[in-house]
Structures are given as structure tokens and as C-alpha cells.
Amino acid sequence: MQTPVTFTVNTTPLLETSCDALLIPVQQDAPLRPNAAALDAALDGLIGDMRERREFRGEPNQVAVMATLGRLSAARVVLLGLGKPADLTPVVAARAFASAARTLGKRAPTVCATDLADLALEASTAAVAIAEGVELSRFALDLYRTRERPESGIRELLVSGATEAALRQGSIRGQARNIARNLVNEPGNVLDPPELARRAQSLAEEAGLEVEVLDEEAMQRLNMHAILTVTRGAETGARFILLRHRGAAGDPDLALVGKAVTFDTGGISLKPVTEMGKMKGDMAGGAAVVGAMWAIGQLKLALHVIGLVPAAVNMPDGRAWMPGDVVNTRSGKTVETVTTDAEGRMLLADALDYARELKAARVVDIATLTGACVVALGHVASALYGTDADLVELLRACGEETGERHWPMPLFPEYGELNRSEIADLKNSGGRTAGSITAAHFLREFAGDTPWAHLDIAGTSQHDKGKPWAPAGPSGTGVGTFIRLAEMLAHGDG
Ligand code: BES
Ligand code: MN
Ligand code: ZN
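Residues numbered from 1 in each chain as written. Chains lettered and ligands numbered in written order. Predicted model: local features only at pLDDT ≥ 70, side-chain atom pairs only at ≥ 80, totals over all residues. Heavy atoms only, no water.

**Q** Even after reading the chapter, I still don't get the coordination of the manganese ion (ligand 2), so can you show me in this structure?
**A** Six octahedral donors around a metal ideally make angles of 90 or 180 degrees; four tetrahedral donors ideally make 109.5 degrees. Within the protein, Asp264 (OD), Asp341 (O), Asp341 (OD) and Glu343 (OE) serve as the donor atoms for the manganese ion (ligand 2), at 2.1 to 2.2 Å. Around the manganese ion (ligand 2), the six donor atoms sit at angles spanning 71 to 166°, and that spread fits a shape best called irregular. Along the chain, the residues donating to the manganese ion (ligand 2) are arranged with the sequence spacing D-x76-D-x1-E. Separating the manganese ion (ligand 2) from the zinc ion (ligand 3) is a gap of 3.1 Å, which aspartate 264 spans by donating to each of them. Of the two residues, aspartate 264 sits in strand β10 (residues 260-264) while aspartate 341 sits in the loop between β13 (334-336) and α11 (344-357), which places them 77 residues apart along the sequence. (Donors = N, O, S within 2.8 Å, 3.2 Å for Na, K, Ca; no water. Tetrahedral: all angles 85-135°; square planar, octahedral: opposite > 155°, others 65-115°. Helix = DSSP H or I, 4+ residues; strand = E, 2+ residues; numbered from the N terminus.)

If you want it as C-alpha cells, here you go:
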């Protein structure tokens, strides 16, 4: 795994700092801010010249690397575009720094320096954003390339005008997202439910969380029949991971529930060849919960939060769950199986029922639940549902703040009727139309009276295309939203 970046508060004036590179943000169509202006003067008007020639205009995520040829203590200057001042947000800043850091990413390890004075943002907000962005840039997909992978990219960032606390907060956010992305990136033969449980366990220890891993016997005792049904065709056993951050007394203020199907073949209702390979990432919801819980523990938030991660493999086999089967869920509600490929809602049914029993004040689940969600919202936004308007709005706002888009969807009762079965209480597919909505309706049946919200991240858990700030692949979506949500609830803003 990639080593986290070291963030240090810098007290030497930026242009006098000796390091490998200075990171200088430049606004588009706006005056140069202090260090950019001083640098421009030191380099005989080079930045102004580049702006005039439209070589570098400061557009969002634009990056230019220049040698200083002995005219500064730093060997290189990296100009990074922030876009127009009116559009500057912490997310824009984080992405701009991530883009710059990724440009340096393949070069030799570097010590870089930057100054918050160059960002028209409140200092602690800017420090968090920069640290998060630079840490996010460390994520790499090529974990299993056997050719030598030399340590590269930014090793240390010196930040003028920052506090240790703000830099640590940003670093934790970035690391938490990368924890989720790395888990999603792992193939199914490495990351099976027991391995996911082991990783969750060691991350929990690192973050000071309580952790409990239930094997199938323990799940049996807790009547998690739906999860045990899904796992029946698989060689590797299911696990139920329970993480707890007891940052406040009393019952849990928040339960986070994440689907973790470490590989989804579709089961007896086998998926087509072309759709299947990506299903190693069908545990992105569980990964987001693990990453967010790790951060919540590290940040010692004054909130009692539990994370529930039902983990299983969906496989066809002689003993496997079959279409037509009626499944008795933990809640006592019976489900007719239309397709064994609608396995995620079965895992979540038992997990949501358990969260209800653990008396969580509110529950949010997150899952790569439906292909229909990808059809509806593409790879841009997650589908957001809920029974509690305040919780839904809070999640939407937390997502917006952290660059994760969640779009509210309707739960009209007419959609729920599509889940009615002739022979059982529910069926596990409402048919071809409105598939993400009917799946959400199904989950709602298991949250009981607990205020509940649901994120369908089937389209957003992976970037379909590379971005300047991130490669195509695992996005870590949900982690930022959940950390922010926990912060808001802990500070009484919820
Ligand atoms: N894991 C899939 C959903 C999915 C699809 C995630 C594409 C990411 C990308 C889920 O278990 C599934 O197979 N859902 C079915 C449900 C249907 C059979 C009711 C689907 O969406 O096709
Ligand atoms: Mn499936
Ligand atoms: Zn699935």
C-alpha cells in the first residue's frame, strides 16, 4: 500500500524554502495572489507571459512544471490552475492539488511546499482541502505489477499558514478514501469475506474502534437467514463485520450499513460474461463504511457510531440459493426469489434489521445495488433515498461539500407495489422498470421505524474515465459524505 504523505507546517517564506518543488496555485482571469506575483517578479514576468500566450491560464486542474535554474531555492515550480475565483470551493482546491500531485506522481520522491495565502479560502478549510487532495493522489491501481515500483510522488508537503490539526484532518480524509479505494481495487481471489474481515479488524485496531466479526455460526444464532442463503453456493464463508466508535454515551447516534459482496457472479441467475469482471467491486458500500469508520475513530468524533458490513460471495453451486426459493429474513418477513442476482438487498435486509435492533437513532446504507441506477444517473451521481427528509437533505449537502454527488429519488407507494409477491411478503425484484427505486423500497421494509436513508452507488463507486485528479477506477464515494455527516451530527448541526 502507498505510504501516506507527511504534512508539515512551514515557517520559512515560501520562495526561500529549499525543496524539490513549490506548488503555486494560479487563479484564472484574476490577479496573481502573493506568491504567484512574487514568483512572477523573480522569473522576469514568466507567469504573466504564459497567461498571455494562453500556455497556462489557470484553468481548473491545469498543471505546468518549470525548472527554476538556480534562481530560487526550490528546483522546480509547479503552477496549478484553480479556475475562476467565484467558482473556488474546497473541492475545487483539493482536485487542483491532486492533479498537480499526480503530475509529479511518476517522478522521483519529492519534498514540496505551498502557501495557503495563494488560496482565497479560509485557512483551515484550505489546509484540509490541500492535504486531502495530495493524499488522494497517492492512490494507484497497479498493486499487482511485479516490475519494480519505486517509491514516487510527493513524500512530504510543507504548508505555510496551516495548523498541524487541519493538515491531519485532511490527511485522514484522504487516507480514509484511499482505504476504501484500495479495498475495491482488490480482486475477488484476494479479498474474500474472511480477508475483508481481517483488514477491517486491523484498520479498526489502528483507529481505536471496537470490532466484532461474526462467522456463519454466530450469524445463524442471530437469525441472519437471508445472508446465509446468499452465501450458500460459495466456498468461502460469509462474515458479518461490526465496527463501533463509542464517542458518546447511550445508544448509537448513527448506523452505517454497507453491502460487501466480494464477488457477484449473479448466482444461479448467472451474469453475462461482459458484466461479470467488474463485480469484484460489489463490496464498495462495505469498503466505504470501513473507510469512514476508520476516519471517525481517528478523529475521535463525539458521537456513537456503528458500522455494519455483511460480507458474502454470490456463487452458483449444487447447494446454491435458487430462483423461486422463499427466504425467511431476520425480520420475519418472507421473500420470494425472482432472481439470485438481486442478492445485495438480501444482505442489507438482515443488516438493516440488526441495526434497528441495536437501537440506532438513524441508519444509512450504501450499496452497489442496481444496474438500473447506472442507467438513470450514469457515473455522475448516486441515487439517494430515505424516509426522513432531514436525513436525506443532510446527506445530499454533506456529499456536495465533499465532491460526492447524491441525487434525491422518489419513493412513491406505487413503486413499492411492484415488490408484492403472490406467495410471500415480498419478492426480491420489482421487474425491469424503476429498478433502483423498487430496490430502495425493498430495503425500506427492513429499517422498521428507524429514520433511514440509502445510497445506490452502482454507477459512482468507480470513475468510468480517468480525471486529472483521479484514475479511472475506484472512487471511494460515500467516505467523504459519511465523515462529514458524523462531524455534523457530533457538532449538533444535524
Ligand atoms: N451488484 C449488482 C448491481 C450492479 C450492476 C453494480 C452494475 C454495479 C454495476 C447487483 O447485485 C445486481 O446484480 N442487481 C441486479 C438486480 C436485478 C436482477 C433485479 C441488476 O441491477 O441487474
Ligand atoms: Mn447481483
Ligand atoms: Zn451485487
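**Q** Help me understand the side chain of lysine 259, please; the structure alone is not making it clear to me.
**A** Structurally, lysine 259 is set in the loop between β9 (254-258) and β10. Looking at lysine 259, its side chain comes within polar contact range of the side chain of glutamate 343, at 3.1 Å. There is a polar contact of 2.9 Å between the side chain of lysine 259 and the backbone oxygen of threonine 368. (Polar contact = N/O pair within 3.5 Å; in protein donor to acceptor, adjacent residues only side chain to side chain.)

**Q** What should I look at first to understand the site of ligand 1 in this one?
**A** Lining the immediate environment of ligand 1, one finds 15 residues, of which Lys271, Asp282, Asp341, Glu343 and Gly371 sit closest. At 3.4 Å from a nitrogen atom of ligand 1 is found a main-chain nitrogen or oxygen belonging to threonine 368. Contact with the protein chains removes 76% of the 520 Å² of surface that ligand 1 exposes when unbound. The residue makeup of the shell around ligand 1, split by class, is three nonpolar, five polar and seven charged. (Near = heavy atom within 4 Å. Areas by Shrake-Rupley, 256 points an atom, 1.4 Å probe, with all protein chains shown as cover. Nonpolar A, V, L, I, M, F, W, Y, C, P; charged D, E, K, R; others polar.)

**Q** What exactly am I supposed to notice about the sheet that holds strand β1 (residues 6-10) here?
**A** In sheet architecture, strand pairing relies on hydrogen bonds along the backbone and comes in two forms, parallel and antiparallel. Taken together, the six strands give an open sheet; going across it, the order is β1-β6-β5-β2-β4-β3, and neighbouring strands pair in mixed fashion. Since the sheet does not close on itself, it has two edges, and those belong to β1 and β3 (63-67), each with one partner. Geometrically, the sheet is characterised by an average inter-axis angle of 25° between neighbouring strands, direction not taken into account. With two bridges joining them, strand β2 (residues 21-27) and strand β5 (residues 110-115) adopt parallel strand pairing. (Pairing = 2+ DSSP bridges. Axes fitted to C-alpha atoms, helices over the stretch in contact; angles between N-to-C directions.)

**Q** Help me out: how do you make sense of the pattern of salt bridges in this one?
**A** Side-chain pairing between opposite charges can occur once the charged atoms of the two side chains come close. Inspection of every chain in the model, using the stated rule, returns 29 salt bridges. With its nearest N and O atoms 3.9 Å apart, the salt bridge here joins arginine 244 to glutamate 210. A residue pair is termed long-range when its members are at least 10 positions apart, and arginine 244 in strand β8 (residues 239-246) and glutamate 210 in strand β7 (residues 210-214) qualify at 34 residues. Using a relative accessible area of 38% as the deciding quantity, one classes glutamate 210 as partly exposed. With a closest N to O distance of 2.6 Å, glutamate 401 and arginine 484 form a salt bridge. With glutamate 401 in helix α13 (residues 389-402) and arginine 484 in helix α16 (residues 479-490), the pair connects residues that are 83 residues apart, well separated along the chain. The buried category is assigned to arginine 484, whose relative accessible area is 18%. Taken together, the salt bridges that share partners define one network made up of Glu132, Arg173, Arg177, Glu401, Glu404, Arg484 and Glu487. (Salt bridge = Lys/Arg side-chain N within 4 Å of Asp/Glu carboxyl O. Buried < 20%, exposed > 50% of the residue type's maximum accessible area, 1.4 Å probe, protein only.)

**Q** When you look at the sheet that holds strand β17 (residues 426-427) in this model, what are you seeing that I'm missing?
**A** Read from one edge to the other, the open sheet built from three strands follows the order β12-β13-β17, with strand pairing classed as mixed. Only two strands of the sheet have a single partner each, and these edge strands are β12 (326-328) and β17. Relative to β13, β12 is paired through three bridges, and the arrangement is antiparallel. Residue pairing across strands places valine 326 opposite glutamate 336, the latter belonging to β13.

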